[in-house]
Amino acid sequence: MAHDAHTRRQILKAALGGAAGMLLSTPRGAFAATAQAQPAPAVTQQLSDDLFVVSLPGESNVVAQSGGGGVLLVDGGSAKAADALMKIVSGLPAGGPVHTLFNTHWHPEQTGSNELVGKAGKTIIAQENTRLWLTTDVTWSWNGQHFKHLPKIAQPNKSFYTTGKLDAGVSYGYVPDAAHTDGDLYVYFPRQNVLAVGDVVSGQGWPVVDWQTGGWIGGIVGALQRLQTLANDETRIVPGRGPVLSLKDIKAQAQMYSTIYDRLSTMLNKGRGPTEAVAAQPTKEFDAQMGNGDEFVRRSFESLWAYLSPDA
Ligand SMILES: [Zn+2]
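Computed from a prediction, not measured in an experiment: that's the story for all the values here.

Chemist: Looking at this model, I keep getting lost on the coordination of the zinc ion. Mind explaining?
Modeler: Surrounding the zinc ion are the protein donor atoms His105 (NE2), His107 (ND1), His180 (NE2) and Asp199 (OD), at 2.1 to 2.3 Å. Note that the zinc ion binds 4 donor atoms; their angles at the metal cover 90 to 171 degrees, and the shape is irregular. Each donor residue of the zinc ion lies on the same chain, and together they follow the pattern H-x1-H-x72-H-x18-D. Pair noted here: His180 is in the loop between strand E11 (171–174) and strand E12 (185–189) and Asp199 is in strand E13 (residues 194–202), with a separation of 19 residues, a long-range link. In this structure His180 comes out as buried when scored by relative accessible area, which is 3%.

This is the structure in structure tokens:
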């Protein structure tokens, strides 16, 4: 696989120097309030006349834009929910079959509709690294979980490296910080001022730090800084999980992850290991809102090895 990991890490290290050192002044209470305000399990949230967030129980968020009897999706849920999702989006106002599907990254919670959409001959867009991950099997080192590659018909049939634009004015771009994986993308709907960001941002609990496919704690900080340049005070930001967020939430999250990043990298520099990092409870003051941080801390610490160790 042609991942230019070494160069990427050097760029990330350079980029992070500025990002992690930046101080933000959003009070922590602002973020805590939002994190607690989980919406009732409404299936479809309308963001504008033609833009919706579809949340099936237990599934990740799907953003759907309808119009002209067809639908654009940002993420497609898991395979077991694919039929139900297709039914819901065809029933949206001006809805219909899916004509375009974005994969914000390769995880099965996002790519479960690829096969249906691919078989229908429609467009599946992903960043090139995500396309590559979907052509190969992946095994997570930390728990042995195995993910099979997608069949050819289900793989993204349109990939890009940096940015792109659809005829309808919708723009999309790579999030090169490797926050969640090394193939994360965002999709921006300018008329509605809605930014869909997949699992680059978690709106509900601690995120998975998938360092197996490039994600890392420094990338989370970097991406949260980057997203602030794409959003304004009115932008509604749709994360992979949880409620719709605002720029204020993103700023508060950036501050929180920056604090955790600093604590973990300090421990790494002192020669500590992941078990010691977990024992030190570096997420302590955030756990009441975010949930137990042990798993997140362990993965985050391991992710530092990939990016900050001298031989990385
Ligand atoms: Zn994910």
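Further notes follow.
Chemist: Help me out: how do you make sense of the sheet that holds strand E3 (residues 62–67) in this one?
Modeler: Across a sheet, paired strands are connected by hydrogen bonds in the backbone, their directions being either parallel or antiparallel. The strand order across the open sheet formed by 7 strands is E1-E2-E3-E4-E5-E6-E9, and the pairing between neighbours is mixed. If you trace the sheet from one side to the other, it starts and ends with strand E1 (44–46) and strand E9 (158–160), each paired once. Direction aside, the axes of adjacent strands within the sheet are offset by 20 degrees on average. Note: E3 against strand E4 (residues 70–74), 5 bridges, orientation antiparallel. By the bridge assignment, Gly67 is partnered in E4 with Gly70. Against the sheet, helix H3 (residues 82–90) makes contact with E1, strand E2 (51–54), E3, E4 and strand E5 (98–102), and its axis sits at roughly 130 degrees relative to E4, the strand it touches most.

Chemist: Is there a simple way to explain the layout of surface pockets in this structure?
Modeler: Empty pockets left among the atoms are what a rolling probe the size of a water molecule brings to light. Space inside the second largest pocket adds up to approximately 290 Å³. Surrounding the second largest pocket, 17 residues form its lining, His180, Asp199, Pro207, Val208 and Arg241 being those nearest its centre. Taken together, the elements giving at least two residues each to the lining of the second largest pocket come down to helix H4 (108–111) and E13. In terms of residues, the lining of the second largest pocket owes the most to one element, E13, which gives 3 residues. Among the residues forming the lining of the second largest pocket, the class breakdown is 6 nonpolar, 8 polar and 3 charged.

Chemist: Would you take a moment to explain the nonpolar core for this structure?
Modeler: Burial of nonpolar side chains together is a common tendency in soluble globular proteins. Counting 41 residues, the largest nonpolar core has Tyr257 and Phe296 as its most contacted members. Counting residues per element, the ones that place at least two in this core are E12, E13, helix H7 (217–230), helix H8 (247–269), helix H9 (274–279) and helix H11 (294–308). The biggest single contributor to this core is H8, with 10 residues. If sequence neighbours within four positions are ignored, Tyr257 has contacts with Trp206, Pro207, Ile217, Ile220, Val221, Leu224, Met290 and Phe296. Val63, Val74, Phe160 and Val238 belong to the second largest nonpolar core, which has 19 residues in total.

Chemist: Quick question: what am I supposed to make of the sheet that holds strand E10 (residues 163–165) here?
Modeler: As summarised here, the arrangement of the 5 strands in space is E10-E11-E12-E13-E14, forming an open sheet in which the pairing is mixed. With one partner strand each, in any of the chains shown, E10 and strand E14 (236–241) form the two edges of the open sheet. Taken pair by pair, the neighbouring strands of this sheet meet at an average axis angle of 20 degrees, ignoring direction. Two strands pair when backbone bridges link them, and E12 and E13 are joined in this way by 3 bridges, in the antiparallel orientation. Looking at E13, one finds that Tyr188 is bridged to Leu195. Set on the sheet, H7 makes contact with E12 and E13; between it and E13 the angle comes to about 175 degrees.

Definitions and limits used
- Residues numbered from 1 in each chain as written.
- Predicted model: local features only at pLDDT ≥ 70, side-chain atom pairs only at ≥ 80, totals over all residues.
- Heavy atoms only, no water.
- Donors = N, O, S within 2.8 Å, 3.2 Å for Na, K, Ca; no water.
- Tetrahedral: all angles 85-135°; square planar, octahedral: opposite > 155°, others 65-115°.
- Helix = DSSP H or I, 4+ residues; strand = E, 2+ residues; numbered from the N terminus.
- Buried < 20%, exposed > 50% of the residue type's maximum accessible area, 1.4 Å probe, protein only.
- Pairing = 2+ DSSP bridges.
- Axes fitted to C-alpha atoms, helices over the stretch in contact; angles between N-to-C directions.
- Contact = heavy atoms within 4.5 Å.
- 1 Å grid on protein atoms, 1.4 Å probe; cavity = no way out; pocket = protein on both sides within 12 Å on 5 of 7 lines; lining within 4 Å.
- Points joined across faces, edges and corners; volume = space filled by probe spheres on them.
- Nonpolar A, V, L, I, M, F, W, Y, C, P; charged D, E, K, R; others polar.
- Core = buried A, V, L, I, M, F, W, Y, C linked by side-chain atoms within 4.5 Å.

Function-wise, these values are silent; they only describe arrangement.
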